[in-house]
Amino acid sequence: MRKAVVSAGAVLLVLLLAAVLTGQWLQRTLTAAGLEQLHWQQLRWTDGALWLGEASGVQVTEQGRLGFRLDGIRLQPAWRDGPRIEQLLIDELQLVWQSAQQLPQRETETQWQFPDLEQLAGPLSWLPRELAVRSLLVQLPCEGEWCRLQGELQVSAEQQPLAIAAQLALQADEQYVQGQLQLREDAGAYLLQAELELPQPLPLAGLGQLSGHLHIDLENRGDQWLLHAGQLDARLARPELQALASLPAELRPDAIALEVTPQPGSLASWRDTIPLAMHMALEGGISGQLDTQLELSRQPQWQARLGDGLLQLDASRLAMAGLQARTVRLDWPFLGHISEQQLNLQLGKEALVTAQSLSLADVGLQLAGLRVEVGEASLSAPLATPDQLQLDTPLRIGATRLAHAALKPQGWNLNGRLQQSPTGLTLDGSLAALSGLNADLRMNWPNGQPWQLQATLQEIFLRAADPLMGTFTDWPALLSFSSGRITGQLQATGRDGLDRLTGQLSLSGGQGIYDRASFTGLSLPLEIMLQNEQLQLDTDALRITSLDPGLPLGPLQASGRYRATLNEPTTGALDLRSASLGVLDGKIILEPATLDLGQARQTLVAMVEGVELARLFEVYPAEGLSGQGTLDGRFPISLVDGNLLIADGRLQAREPGVLRYQAEQLRELAASNPNLEQLAVALDNFQYQVLASDLSYDEQGVLVLGLRLEGSNPAFQQGRPVHLNIRLEEDIPALLTSLQLTGKVNEVIRKRVEQFYLQRRSP
């Protein structure tokens, strides 16, 4: 009796130890499989079957978190021909799924491996001959709520040879899911057929409204697979993919349709490739399609080659962030390669983007007939670190018409090379207008720093076809060049927009016409600065060798600074540091002053130095008038609404001189008038000691001189002193017109002079 008790105790101890070890092994095994929070209750053995009232737990994988709960579990074993599970019945199975996007980040411990069915054959053979879930409840996160699908699951299995068949049916309102799977062993191979159908859109959180159909027929021999047939047709409406989140809302598609068709009879091991034909269609404001041939492989890791690819996108209208575009089309042929770490793309020669029109409201720019060519562009993008993207592309941008308030509408072209690297963005190219204006561009935009742009003007030679006149709307219509050369550089920098622009422009050898005046030897070095909407132009050496408005003048020299706002560039302030104009062997000098062009009236003071009477009488068309002397003076100048006014001006001879008026007309008048006879004799050789004059000039262009002469003629009354007060009036515009019509002038000037003359004569 005692031995029996000891033996029974020993057996019981061994059973308890085995149970503990088995429980620990089972717990470690389930935990390794990702099963957590396991709980069960009401375990019993009744009527030759194992009954479990309730079981629950959570499985966490790289893809997400699956919570499960089983009620009413009945497991019936079979012992004939070896132990196995004959039947597994479940009254109710509840599944709650959360995707990885809705869970805290987890470190990936192992890489997913495609299963080898031969290795799974052993565990699969333990499946019950019959498995039925009478009430299957699946809970999925949907748009703002949970979707609840209810249905049933049926699985049947045979051991020798292995044959498994499964059917799934779930439904919620109008949505339902149907799935079938068959796996059977045949002559050392495993045949797998699967089909899943989701005919009505199912709104899944983080994904969108998914619908479609999947069918696949595979044969497995160890690590080799034979694809007999396959087809994937899926449609995702209102997509919520994370890959689209960074795109502006206007560029996100309303729906994505995907078709994947494996090439029939494609034998592939994971050392070879699986060829697939892929077609993707986009619906929405931007519609289009993507077609390519995929070659999938897994050596040494998952990767795909993209061959014969073509991406085509269309948008009748685009509106986003100040950009408006119409009839936009993208055509990109491409080749590529994608792996778990990297995406590489190479665009074909004909890759381009076109738009009927494009408008940038923030800068007031409108383009028509836009064409962007990016053929042979290469893109390399690390998927884990998108900021390390590298892009290298030739860039050819053309517009048949570019319109801007500061530019005359015409065609423009940009040719260059665009490069993006982890350090930043660079652009090298040339910008050209149909008018002939060309510039070389160099742009550098380091990451996290302001962009920098340098523009170097290609030498502009001013001839009859003036590229400046043909480019800028504010170019003076009456200014034209027959020769000259312009060079220059501009530097710009900014972050979100233009923060600062500086540069230098230089005009040399300028010759041409302004209004009714010709000029030669124009030289203008100009410093430019634009910052905070403030424009500043600075020159220290403006020079014109000769200027001829009907009277030869020159040289003209000036230096000054002009300051204005960009919104009102013509109403700024001119700081005149110095200005002088050669006149009749003398010069007129303007005193330094600041002119506010925003005001209706500006005032300057002019100094006259060394004007020679002999030169004046050479150009003044007065018969018989000559003389010698040097004049100085001072007079205020007012500019009122663009008209020149002079009041209270003074002129005076430096020293005694000579005036001679020996006109035949005066002699004829003097023959019948004794007073005029004496005046004619006195002025025949009048040697003056004082020559002074008041001077004024009105809005109609009438110059009034109040002359005061003091002197004598040795041949008149023995040199008796003579005092003369003479008032002279001259229509200066008419005088200059007369001088130009009687002289040799450019044909353009002649036509302008004639037009001016006719306008002055008309009432």
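Residues numbered from 1 in each chain as written. Predicted model: local features only at pLDDT ≥ 70, side-chain atom pairs only at ≥ 80, totals over all residues. Heavy atoms only, no water.

### Notes on the overall build of the protein chain
Within the protein chain, the regular secondary structure consists of 7 helices and 44 strands. Expressed as a percentage of its 763 residues, the buried residues of the protein chain come to 35%. Summarising the internal contacts of the protein chain: among those between residues at least 6 apart in sequence, 47% fall at separations of at least 24. Within the structure as shown, the protein chain displays about 43800 Å² of accessible surface, and the carbon and sulfur contribution to it stands at 55%. (Helix = DSSP H or I, 4+ residues; strand = E, 2+ residues; numbered from the N terminus. Buried < 20%, exposed > 50% of the residue type's maximum accessible area, 1.4 Å probe, protein only. Contact = heavy atoms within 4.5 Å. Areas by Shrake-Rupley, 256 points an atom, 1.4 Å probe, with all protein chains shown as cover.)

### Describing the side chain of Asn-713
Here Asn-713 lies in the loop between strand 43 (702–712) and strand 44 (722–731). In this structure, Asn-713 is in contact with Val-681, Ala-682, Asp-684, Asn-685 and Gly-719, ignoring residues within four places of it in sequence.

### Notes on the pairing of strand 10 (residues 208–221)
Two elements, strand 9 (residues 189–204) and strand 10, share 12 bridges in a ladder whose sense is antiparallel. Across the sheet, the residue bridging to Leu-204 is Gly-208, located in strand 10. Between the end of strand 9 and the start of strand 10, which pair antiparallel, lie 3 residues, with Gly-206 showing a positive phi angle near 75°. Here 13 bridges tie strand 10 to strand 11 (residues 224–237), and the two strands are oriented antiparallel to one another. Following the sheet pairing, Glu-219 is matched in strand 11 by Leu-226. (Pairing = 2+ DSSP bridges.)

### A few points about the packing of aromatic side chains
For any pair of aromatic rings, the description rests on two quantities: the centre-to-centre distance and the angle between the ring planes. Enumeration according to the criterion identifies 2 aromatic pairs in this entry. Where Trp-475 meets Phe-481, the ring centres are 6.3 Å apart and the plane angle is 45°; that geometry is what we call tilted. Classification of Phe-481 by relative accessible area gives buried; the value is 7%. Each ring, one from Phe-481 and one from Phe-519, has its centre 5.7 Å from the other, and the planes form 80°; the classification is edge-to-face. Here the residue Phe-481 occupies a position in strand 28 (residues 479–494), and Phe-519 occupies one in strand 30 (residues 517–531), the gap between them amounting to 38 residues. What links up through ring pairs into an aromatic cluster is the set Trp-475, Phe-481 and Phe-519. (Phe/Tyr/Trp six-rings, centres within 6.5 Å; stacked < 30°, edge-to-face > 60°.)

### Observations concerning the side chain of Ser-211
In this fold, Ser-211 is placed in strand 10. The residues touching Ser-211, leaving out its near neighbours within four places in the chain, are Leu-198, Pro-199, Gln-200, Pro-201, Asp-233, Ala-234 and Arg-235.

### Quick look at the pattern of salt bridges
If you walk through the whole model with that rule in mind, you get 22 salt bridges. Close ionic contact of Arg-442 with Asp-428 constitutes a salt bridge, the shortest N to O distance being 2.2 Å. Note that Arg-442 is positioned in strand 25 (residues 438–446) and Asp-428 in strand 24 (residues 424–433), a separation of 14 residues in sequence. Residue classification places Asp-428 among the partly exposed positions, given a relative accessible area of 32%. The shortest N-O distance in the salt bridge between Arg-727 and Glu-729 comes to 2.9 Å. Of the two residues examined, Arg-727 and Glu-729, each falls in the exposed class. (Salt bridge = Lys/Arg side-chain N within 4 Å of Asp/Glu carboxyl O.)

### Topic: a nonpolar patch on the surface
Where nonpolar side chains cluster on the molecular surface, the patch consists of Trp-40, Leu-43, Trp-45 and Leu-50 and spans about 460 Å² of accessible area. For the nonpolar patch, the element with the most residues is strand 1 (residues 35–46), which contributes 3 residues. Mapped onto the elements of the fold, Trp-45 is located in strand 1. Accessibility expressed as a relative area gives 52% for Trp-45, which makes it exposed. (Patch = residues over 30% accessible without salt bridge, like charges linked within 9 Å, V, L, I, M, F, W, Y side chains within 5 Å.)

### With respect to the environment of Tyr-190
Relative to the helices and strands, Tyr-190 is located in strand 9. Under the relative-accessibility criterion, Tyr-190 is labelled buried at 7%. Spatially, the C-alpha atom of Tyr-190 lies 6.7 Å from that of Arg-221, the residues being 31 residues apart in sequence.

### A closer look at the nonpolar core
With 92 residues, the main nonpolar core has Leu-659 and Leu-691 as its most contacted residues. Looking at which element gives the most residues to this core, the answer is strand 30, with 6 residues. With residues up to four places along the chain from it excluded, the contact list for Leu-691 reads Leu-613, Leu-631, Leu-651, Gln-652, Ala-653, Leu-659, Leu-707, Arg-708 and Leu-709. One finds Ile-73, Ala-172, Tyr-190 and Leu-227 within the second-largest nonpolar core, a separate group that totals 33 residues. (Core = buried A, V, L, I, M, F, W, Y, C linked by side-chain atoms within 4.5 Å.)

### Topic: unusual backbone geometry
With an omega of 0°, the peptide bond running from Gly-554 to Pro-555 counts as cis. Note on placement: Pro-555 falls in strand 33 (residues 553–565). Phi angles above zero are rare outside glycine, and Arg-238 is one such case at about 50°.

### Some words on the confidence of the model for the protein chain
The pLDDT averaged across the protein chain works out to 82; a share of 83% of its residues lies at or above 70. Across residues 1–30 the pLDDT falls below 50, and counting only partners more than four positions away or on other chains, this stretch makes 2 contacts in the model. Predicted confidence for residues 106–112 stays below pLDDT 50, and this span has 7 contacts to residues more than four positions away or in other chains. (pLDDT = per-residue confidence, 0-100.)

### Here's the deal with the pairing of strand 9
Relative to strand 9, strand 8 (residues 175–186) runs antiparallel, the two being bridged by 9 bridges. Across the sheet, Glu-185 pairs through a bridge with Tyr-190, a residue of strand 9. Turn length for the strand 8-strand 9 hairpin, with the two strands adjacent in sequence and antiparallel, is 2 residues, and the turn residue Ala-187 shows positive phi of about 55°.

### Points about the environment of Leu-192
Looking at the secondary structure, you find Leu-192 in strand 9. Here the alpha-carbon distance between Leu-192 and Asp-217, two residues 25 residues apart in the chain, equals 5.8 Å. Other than its neighbours up to four places away in sequence, Leu-192 contacts Leu-181, Gln-182, Leu-183, Ile-216, Asp-217 and Leu-218.

### Section: the environment of Gln-180
If you trace the backbone, Gln-180 turns up in strand 8. Its relative accessible area of 47% is what places Gln-180 among the partly exposed residues. For the pair Gln-180 and Leu-196, spaced 16 residues apart in sequence, the C-alpha to C-alpha distance is 6.5 Å. Ignoring sequence-local partners within four residues, the contact set of Gln-180 consists of Ala-166, Gln-167, Gln-193, Ala-194 and Glu-195.

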